[in-house]
Amino acid sequence: MSFEGNLCYCGSGKTYEECCNKYFSLLHISPRKIEESYLFEWFSKYSEPVKTTFIKKTKKYLYQISEYLDAIIGVYYEQGYPKSIVSDVYDEGFTGLKNSAINVLLGSTHCLAYGLFIPHGVLLRSFLEICFTIHIVTEDIKKMEQFEKGELSTKKVLHKIKKIMPEFITDFYYYLTANFAHCGPFHQALLMPRACYPENYTIMVGLNNLALSTLIYHITLELAYLNDISSPQFWIKEGPTYTETSSILDWQYLFYEDVVADFPPDEKKFYMKYSRKHVKPKMKKR
Ligand SMILES: [Zn+2]
């Protein structure tokens with residue numbers, strides 16, 4: 001195909017000779033029109049329709065999560081490091097953590113909308129680690145220094161988390177680790193990497209994962225700012241001790257029931273195990 005005098009297909013507005021010619025001649029390729037090119041064809045054939053279908057199917061649930069996240073951000077976003085008596089320098093690091101958490105959560109939702117189920121879970125696992133870090137650095141200013149130097153160790157952080165955070169939070173972390181962190185051919189993962197189309201199972205698990213993660217973010221931030229808020233939802237100020245009286249936990253439970261009813265898995269497969277234990281916040285006595 002000759003491009004002489006024609007505009008380059010990449011859309012730059014230059015002629016092919018002035019634009020992409022130098023790359024394609026190195027590749028020994030005569031390029032086709034952009035819409036005939038494999039990736040672009042794939043985007044228009046599968047990717048966007050998958051996202052559109054996902055949003056159409058799940059609007060009610062995404063809306064709830066979105067509003068809930070907005071409410072959390074509304075209360076906690078403007079506040080700096082909870083122990084700012086020490087120095088303002090920690091505000092930046094703490095705000096960075098909160099920003100990362102929100103971005104990772106949005107990224108995970110984005111992946112799910114495109115049917116990228118495994119990356120969705122991988123991101124949520126990182127999200128939980130950010131929540132754990134928020135807790136650890138709030139509890140102890142020395143940990144804030146360690147965090148800023150990149151010296152926090154997963155093992156020690158988890159050890160501390162287990163002492164104070166409700167058990168369902170670490171259970172959820174282990175669930176994400178077991179199902180999403182290792183999914184290559186060398187691992188016996190429960191969940192095989194899913195195809196792109198948002199099937200019921202993917203939607204059911206994904207939405208519940210997102211709702212639970214948002215709730216965990218709220219629980220984490222409330223604990224971080226416990227001394228600054230008048231009526232905590234999850235914690236009792238003296239202690240602090242986690243209680244299970246919040247109506248938000250009922251919301252999460254109702255959300256789970258509705259999602260499971262709306263998106264029952266089409267066919268039973270061995271990896272389609274999603275226990276209520278993973279999504280029902282409950283703390284066992286330690
Ligand atoms: Zn070009």
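If you're wondering where the values come from, they're calculated on a predicted model, not measured in any experiment. (Residues numbered from 1 in each chain as written. Predicted model: local features only at pLDDT ≥ 70, side-chain atom pairs only at ≥ 80, totals over all residues. Heavy atoms only, no water.)

For the zinc ion, the full set of protein donor atoms is Cys8 (SG), Cys10 (SG), Cys19 (SG) and Cys20 (SG), and the range of their distances to it is 2.3 to 2.4 Å. For the zinc ion, the four donor atoms in the first shell make angles of 103 to 119° at the metal, so the coordination geometry reads as tetrahedral. Each donor residue of the zinc ion lies on the same chain, and together they follow the pattern C-x1-C-x8-C-C. Residue cysteine 10 is found in the segment before helix 1 (21–27), and its partner cysteine 20 is found in the segment before helix 1; the two are separated by 10 residues along the sequence. For cysteine 10, a relative accessible area of 40% translates into the label partly exposed. (Donors = N, O, S within 2.8 Å, 3.2 Å for Na, K, Ca; no water. Tetrahedral: all angles 85-135°; square planar, octahedral: opposite > 155°, others 65-115°. Helix = DSSP H or I, 4+ residues; strand = E, 2+ residues; numbered from the N terminus. Buried < 20%, exposed > 50% of the residue type's maximum accessible area, 1.4 Å probe, protein only.)

With respect to the helices and strands, tyrosine 217 occurs in helix 8 (residues 200–224). Separated by 86 residues in the primary sequence, tyrosine 217 and cysteine 131 place their C-alpha atoms 6.3 Å from one another. When neighbours within four sequence positions are excluded, tyrosine 217 is seen to be in contact with Leu69, Ile72, Lys98, Ala101, Ile102, Phe127, Cys131 and Ile134. In terms of polar contacts, tyrosine 217 uses its side chain to reach the backbone carbonyl oxygen of lysine 98, at 3.2 Å. (Contact = heavy atoms within 4.5 Å. Polar contact = N/O pair within 3.5 Å; in protein donor to acceptor, adjacent residues only side chain to side chain.)

Glancing now at the packing of helix 8 against helix 9 (residues 247–262). Two numbers describe how helix 8 lies on helix 9: the axes approach to 9 Å, and their chain directions differ by 175°. As summarised for this structure, helix 8 and helix 9 are arranged roughly antiparallel, according to the angle between their axes. For the pair formed by helix 8 and helix 9, the contact residues are Asn200, Ile203, Met204, Leu207, Asn208, Ala211, Leu212, Leu215 and His218 on the first element and Ile248, Leu249, Trp251, Gln252, Phe255, Tyr256, Val259, Val260 and Asp262 on the second. Along the lines of polarity and charge, the residues of the contact of helix 8 with helix 9 split into 13 nonpolar, four polar and one charged. (Axes fitted to C-alpha atoms, helices over the stretch in contact; angles between N-to-C directions. Parallel < 35°, antiparallel > 145°, perpendicular 65-115°, else oblique. Nonpolar A, V, L, I, M, F, W, Y, C, P; charged D, E, K, R; others polar.)

A word on the pattern of salt bridges. Taken as a whole and assessed by the stated rule, the structure comprises three salt bridges. The residue glutamate 48 makes a salt bridge to lysine 51 at a minimum N-O spacing of 3.8 Å. On the criterion of helical spacing, the pair formed by glutamate 48 and lysine 51 is a turn pair, its members being three residues apart in helix 2 (residues 38–76). Lysine 51 sits in the partly exposed class, given a relative accessible area of 23%. For the salt bridge of glutamate 129 with arginine 125, the shortest nitrogen-to-oxygen distance reads 3.9 Å. On the criterion of helical spacing, the pair formed by glutamate 129 and arginine 125 is a turn pair, its members being four residues apart in helix 4 (residues 117–139). By relative accessible area, which is 31% here, glutamate 129 ends up partly exposed. Looking at arginine 125, the relative accessible area reads 23%, which means it is partly exposed. (Salt bridge = Lys/Arg side-chain N within 4 Å of Asp/Glu carboxyl O.)

Between its first and last C-alpha atoms helix 9 spans 22 Å; for 16 residues at 1.5 Å apiece the expected length is 22 Å, and the two agree. Those residues of helix 9 that sit buried are Ile248, Leu249, Gln252, Phe255, Tyr256 and Val259. The buried residues of helix 9 all sit within an arc of 115° when viewed along its axis, so they share a single face. Residues of helix 9 that are exposed and point over 90 degrees away from its buried face: Ser247, Asp250, Leu254 and Ala261. Buried residues belonging to helix 9 abut helix 2, helix 8 and strand 2 (241–242). N-capping of helix 9 is provided by serine 246, with a side-chain oxygen placed 3.0 Å from the backbone N of isoleucine 248. (Expected span 1.5 Å × (residues − 1). Arc of directions from axis to C-beta.)

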